[in-house]
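# Coordinate inspection notes
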There are 2 protein chains.
Amino acid sequence: MTQDELSLYIIKTLKENKKTEFENILEELQPYDMAKIYEDLPEKHKGRFLLFLKIDVLADLMEELDKKDQLGLLNILGIEKSGKVLDLMDNDDLALLLHELSPEKKDSLLSGMKAEESNAVQDIMKYPPETAGRIMTNRFVWIRSYFTVREAVDKFKVFAEFAESINYLYVIDEERKLVGVVSYRDLLLAEPEEHIRTIMYERIISVTVTTDQEVVAQIVGRYDFLAIPVVDENNILVGIVTVDDIIDIVIKEANEDIEKLSASGKSIDFETKTLVAAARRLPWLILLLFIGVISGRIISSFEDTLKQVVALAFFMPMIAGMTGNTGTQSLAVVVRGLISYDIDKGVITRLITRELGVGVTIGLTCSVLIAVIAYIWQGSLILGAVVGCSLFFTLIIGTLAGTIIPLILFRMKIDPAVASGPLITTLNDIFSLLTYFGIATMFLKYLQ
Amino acid sequence: MTQDELSLYIIKTLKENKKTEFENILEELQPYDMAKIYEDLPEKHKGRFLLFLKIDVLADLMEELDKKDQLGLLNILGIEKSGKVLDLMDNDDLALLLHELSPEKKDSLLSGMKAEESNAVQDIMKYPPETAGRIMTNRFVWIRSYFTVREAVDKFKVFAEFAESINYLYVIDEERKLVGVVSYRDLLLAEPEEHIRTIMYERIISVTVTTDQEVVAQIVGRYDFLAIPVVDENNILVGIVTVDDIIDIVIKEANEDIEKLSASGKSIDFETKTLVAAARRLPWLILLLFIGVISGRIISSFEDTLKQVVALAFFMPMIAGMTGNTGTQSLAVVVRGLISYDIDKGVITRLITRELGVGVTIGLTCSVLIAVIAYIWQGSLILGAVVGCSLFFTLIIGTLAGTIIPLILFRMKIDPAVASGPLITTLNDIFSLLTYFGIATMFLKYLQ
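Parameters at a glance
- Residues numbered from 1 in each chain as written.
- Chains lettered and ligands numbered in written order.
- Predicted model: local features only at pLDDT ≥ 70, side-chain atom pairs only at ≥ 80, totals over all residues.
- Heavy atoms only, no water.
- Helix = DSSP H or I, 4+ residues; strand = E, 2+ residues; numbered from the N terminus.
- Rg over C-alpha atoms; globule rule 2.2 N^0.38 Å.
- Buried < 20%, exposed > 50% of the residue type's maximum accessible area, 1.4 Å probe, protein only.
- Phe/Tyr/Trp six-rings, centres within 6.5 Å; stacked < 30°, edge-to-face > 60°.
- Lys NZ or Arg CZ within 6 Å of the ring centre and 35° of its normal.
- Least-squares fit on C-alpha atoms with pLDDT ≥ 70 in both.
- Contact = heavy atoms within 4.5 Å.
- Salt bridge = Lys/Arg side-chain N within 4 Å of Asp/Glu carboxyl O.
- Axes fitted to C-alpha atoms, helices over the stretch in contact; angles between N-to-C directions.
- Parallel < 35°, antiparallel > 145°, perpendicular 65-115°, else oblique.
- Left-handed = near helix turned anticlockwise from the far one by under 90°.
- Nonpolar A, V, L, I, M, F, W, Y, C, P; charged D, E, K, R; others polar.
- Pairing = 2+ DSSP bridges.
- Arc of directions from axis to C-beta.
- 1 Å grid on protein atoms, 1.4 Å probe; cavity = no way out; pocket = protein on both sides within 12 Å on 5 of 7 lines; lining within 4 Å.
- Points joined across faces, edges and corners; volume = space filled by probe spheres on them.
- Domains from an automatic or database assignment.
- Core = buried A, V, L, I, M, F, W, Y, C linked by side-chain atoms within 4.5 Å.
- Buried area = accessible area lost by both parts, 1.4 Å probe.
- Polar contact = N/O pair within 3.5 Å; in protein donor to acceptor, adjacent residues only side chain to side chain.

Across its full length, chain A carries 23 helices and six strands. For chain A, whose C-alpha radius of gyration is 30 Å, the value lies well above the compact-globule estimate of 22 Å for 448 residues. Dimensions of chain A along its principal axes, counting C-alpha atoms only, are 90 × 55 × 45 Å. Across the 448 residues in chain A, those meeting the buried criterion constitute 55%.

Dropping the structure here:
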C-alpha cells in the first residue's frame, strides 16, 4: 500500500469506528510514517485517531512530531492522558518540547506527570543547551558485574519496554559508578551461566554531562558506537546518548555552519513564516549594509583618483569579489576542518603555510590573467599592471584572512563560523579597496 | 593512561619483544585509538607492531586508516598476509581503498584474496559511486522464517565474527528475497522455542542498490535504524548499510554542500598539498574572474553616467554585495531544505511565495535605510531615491534568484549546490549592476 492508500484506509477505519482493524494497521507502522499520516489527517479525524492509540504508541508518535503538533496533540488528549504520554517519552525529546515554553505552560504539563519522571526531565533541563546532559536519556538499563548473563537478560526483559532504543547494558558498581558495558551482541554470544564481569568491556569511553554535543557526535562517529554513556563529575552514570540523536546533531551542526557561513540567520527552514524569516535575516543584512557604506566612504576618499581614471571603477567589483571569494574558500576549509581534526600548533602552522602558498599561487595566476585582459581591453599597460598587482596582493591577504581569523576565534572559544563569515567579507572588502586604490593613486600620474 | 603514555608503553613492549603484554594492551583498545597510535609510531617500530597483530585486528586497524597509510601497511605486510587482511575487511571499506588505484595495483591486491571475497568486492565496485550498492557490506547474517530463536542464535554465533557491526538478522525466503527482520533485542526478549516468523518485523523498509547515498542517510535518520537492508531489482537481499557509515555520509554530504556553496573546490582538507589545493580552487576563481570582467563591461557601458555622477561608484559594491548576500542566504535555506523535505508542488509554491515576501520585507527595510544614509551623506534627495529604489529591486531579484535557480537545478537533477553558488553570485552581480545603472541613467538629468 502506498502512503496515500494507507491514509485513506485509516480514515475509513476511523469513520467506521473499527478499532481492531485500526490497531492492526498501526502496529506495523514505523513512528515516522505514523506521524506523517497523523499530520496529513483532516482535523476532524485527529481526535479519534489519538483516542484509538495506546499510551506507548502515543509517546512514540509524539517524538516524531514538531513542537506545534506536539502541543496540539497534548491539547486534544487532555491533562490526565497527556501526563501519561509525557511520562513515557524519552527525556531528551521531552526536554526539547518543554524548552522555551512559557513557565505556566511548562508547569501545567509537568504537573500531570509522575513525580519521578517530572524530576528527571527537570534535572536534564538544568544542563546548558547543546551539551551531553541536555541530549541524554535516562532510559538505560544497568546491571551489576556479579550478575550472570541469564540474570542480566532477565532484568533486561523487565525493563525492555522502558529502554527501547538502547543497544547496551551498563555495568555499575555499588556507588553507581560506571565500570563496564555489555552489548546485546555480547549477551547473545555468551553462555547463560557466564558472569557479566568476564564478558564486559572495561575500557569504557564516556562523556560528561557538560561535554559539547558536537564533541559527543565526533566521539560516537569515530568509534562507531551505537550509544555513549554520560557520567557526572564523580563518574556516576546519569544517562546515555544514542546514535539516532547523533545523526540529528550532525545534520543540525552542519546546517548551523552553513547558516553562519552564508549569514542566513538562525534556523530558517521551509516552514518558517515570512516575517520570522525576514526578521532573522535582516540583522546580518543591515550589518552588511553599513559595511557597504564603509566601503563607499573608502571609495569616496579616493574620489579624485577615480574621477581622473574612471576605468578604475570597472575593475572594482571584480577585485572585491575575488578577495571575498578566496577568503570564503579558505574559511570553509578551516571551519569544517576544525570538526574533524585534533588541533595543535603543528597542524595550525602547516595550515597557515599551506594557505599562504595557495594564496601566492592563485594570486600569481589570476593577476597575470587580469593584467593581460585589462591591457587588451583598456589598451594601457600601466593600468594592467596596477590591476594585476592589486589583485595579487588582495588575493594573498584574502586567503590569509580567511584562514587566520577563524583560527583566532576558535582559540578564543568563539564559534569561528558565526563571526567570521560576515567579518571576513567586510575586512576583505576594506582591505581590497584600500590596496587597489592605494596602488592606483601611487601610479596615478602614469595612469592618466 | 593517556594516549601518550599508552604509546610509550607500547613502544616499550615492542622494543623488548613482549608479545603477550602487547596483545593484552591492544585487546582493550578501540580500532580508532589503535590507528592513532599506529600513525604516530616511529617508522622503525611499525613492522613489529604489525607483526604482533592478529589478522582480524589488522583488518579492524585497516578500516580506520587513510588510503596512504593503508597502502603503506599492506606494503609492510607483503602479498600473502595482505590478502588475508583484505579478505576480512568490510566490503565497502575495501571498495573505497581499491577505488582510483591503478589497474595493476588493484589486480595485485585482489590476486592475494580468496576468490569469493575478491568477487564480492568487485561486484560492489560495479555500482556507481555514492549509491547504496557502493556503500553496503555483504557481511550480514540471514536466517529463515521457520527457524526457532534458538536456531537463529546458533547460526548467529557461528557467523558473529564475520558480521561484526550488524544489529539485525535478516529473514529471507527460498528465493533469497527479504521477508523480515529481527533485531538482537527481539532475540533476547523472545523465548528460545519461538519461531522467527512470529517475532519478525515484516513491513520492512529497504533501499535498492542504486539508491543515492544521501537518500539512504535520510531514511536511516528518519526511522532511527541501526542498519538498512539493500535489495536488487528482484527484491533479493544483497547487502546492508550500517549506521556508522551513515554518520560518515551525513558529514561528507554536508562538507560537499559547504564546499560547493563556497565554491571552494572538491575535498580540500588540512592535509591537502599546496599545489593540489590551489589547483582545485583555481577553476572557480578563474570563472569568477571572467564574471568580474563581465561586470566590468557592464559598468563601462555606463561610463558616461558614471563620469557625470562619480558618487554612483560609492554605492556600487554595497548594492552588488547585498544582492549577492541575500541570494546566498536563500540558496543556503533551499539547498539544506531539499535534504530534509519531500518536495512537491505545494512545498515549492509556498517556498517561493515566502521568499518573495522575505525579499519585499528586507528590500523595503534596507532601501529606506540606505536612501536616508545616501541623502544625509551626499545631500542629494534624488541620489538617495535612486540608490534606495535600486536596492529595493535588486534585493527582491537576488532573493528570488537564490530560491528559484536551485529549485530548477534540483528539478533537472543537477545538484543545486554545485552550480548555483557561483552562478547566483554572477547573475546577481549582473542583475544588480544593470538595475542600478539603468535606474541611475533614467534619472541622470536630475542627478547632475
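What follows concerns the packing of aromatic side chains. Counted according to the given criterion, the structure contains 28 aromatic pairs over all chains. Arranged with centres 5.3 Å apart and planes meeting at 20°, the rings of Y223 of chain A and F225 of chain A form a pair that is stacked. Across the pair, F225 of chain A and Y223 of chain A agree in class, each one buried. Joined through ring pairs, the aromatic side chains of F22, Y38, F49 and F52 of chain A make up one cluster. When the ring centre of W142 of chain B is taken as reference, the NZ or CZ atom of K155 of chain B above it lies at 3.4 Å.

Moving on, we get to the relation of the copies chain A and chain B. For the pair of chain copies, the relating transformation is a rotation about an axis with a translation along it. Superposition of chain A onto chain B requires a rotation of 180° combined with a translation of 0.1 Å along the rotation axis, giving an RMSD of 0.2 Å. Such a combination of rotation and displacement between the chain copies is what one expects of a two-fold axis. When the interface residues of chain A are mapped onto chain B, 100% of them again fall at the interface, so both copies present the same face.

The next point concerns the pattern of salt bridges. A full pass over the atoms with the stated rule returns 32 salt bridges over all chains. Note that K18 of chain B and E16 of chain B form a salt bridge whose closest N and O atoms lie 2.9 Å from each other. For K18 of chain B, a relative accessible area of 34% corresponds to the partly exposed category. Across the pair K126 of chain B and D123 of chain B runs a salt bridge, and its minimum N-O distance is 3.2 Å. On the basis of relative accessible area, K126 of chain B is assigned to the exposed category, the value being 65%. Classification of D123 of chain B by relative accessible area gives partly exposed; the value is 40%. What emerges from the salt-bridge pattern is a single network uniting D90, E117 and R139 of chain A.

Next up on the list: the packing of helix α1 (residues 3-15) of chain B against helix α3 (residues 31-40) of chain B. Any two packed helices are characterised by how steeply their axes cross, that is the angle between the axes, and by the distance between the axes. Residues and elements named next belong to chain B. In contact at an axis separation of 10 Å, α1 and α3 are set at 65° when each is read in the N-to-C sense. Judged on the interaxial angle alone, α3 and α1 are roughly perpendicular. Classified by chirality, the crossing of α3 by α1 is right-handed. Residues Q3, L6, S7 and I10 of α1 lie in contact with α3, whose contacting residues are D33, K36 and I37. Split into classes, the residues belonging to the contact of α1 with α3 amount to three nonpolar, two polar and two charged.

Residue and element names in this part refer to chain A. Judged by pairing direction, the sheet is mixed, and its three strands sit side by side in the order β4-β5-β6 without closing on themselves. Single-partner strands in this sheet number two, and they are β4 (207-208) and β6 (237-242). Of the strand pairs in this sheet, strand β5 (residues 227-231) and β6 are connected by five bridges, and their pairing is antiparallel. Looking at β6, one finds that A227 is bridged to T242. Each of β4, β5 and β6 touches helix α15 (residues 213-223); the most contacted strand, β5, lies at about 135° to it. Packing against the sheet, helix α16 (residues 243-261) makes contact with β5 and β6, and its axis sits at approximately 60° to β6.

Residues and elements named next belong to chain A. Within helix α6 (residues 67-77) the residues assigned to the buried category are D69, Q70, L73, L74 and L77. Down the axis of α6, the buried set is contained in an arc of 135°. They therefore lie on one face. Away from the buried face of α6 by more than 90 degrees, exposed residues K68 and N75 are located. On its buried side, α6 packs onto α3 (31-40), α4 (43-52), α5 (55-64), α7 (79-88), α8 (91-98) and α9 (103-111). Looking one or two residues past α6, G78 carries a phi angle of roughly 90°, positive in sign.

For the rest of this paragraph, the subject is the layout of surface pockets. Residues and elements named next belong to chain B. In this model, the second largest pocket occupies a volume close to 630 Å³. Taken together, 22 residues line the second largest pocket, and the ones lying closest to its centre are D212, E214, V215, L338 and F410. Residue contributions to the lining of the second largest pocket peak at five residues, all from helix α15 (residues 213-223). For the lining of the second largest pocket, a count of residues per class yields ten nonpolar, one polar and eleven charged. Both domain 2 (142-258) and domain 3 (274-447) contribute no fewer than three residues apiece to the lining of the second largest pocket.

Turning to the nonpolar core, a few remarks are in order. Among the nonpolar cores identified, the biggest contains 182 residues, and F49 and I196 of chain A together with F49 and I196 of chain B are the most heavily contacted of them. Here I196 of chain A is in contact with I143, R144, S145, F147, T148, V149, A152, V171, V182 and L187 of chain A, once residues within four sequence places are set aside. Counting 85 residues, the second largest nonpolar core, distinct from the first, contains L289 and L395 of chain A together with F315 and V358 of chain B.

Taken together, the contact pairs 113 residues of chain A with 113 residues of chain B. For the pairing of chain A and chain B, the buried interface totals around 10200 Å² over both sides, and the portion due to carbon and sulfur atoms is 69%. The tally of links from chain A across to chain B stands at 16 residue pairs in polar contact (both at pLDDT 80 or more). For the side of chain A that touches chain B, the leading source of residues is helix α17 (residues 274-301) of chain A, giving 18 residues.

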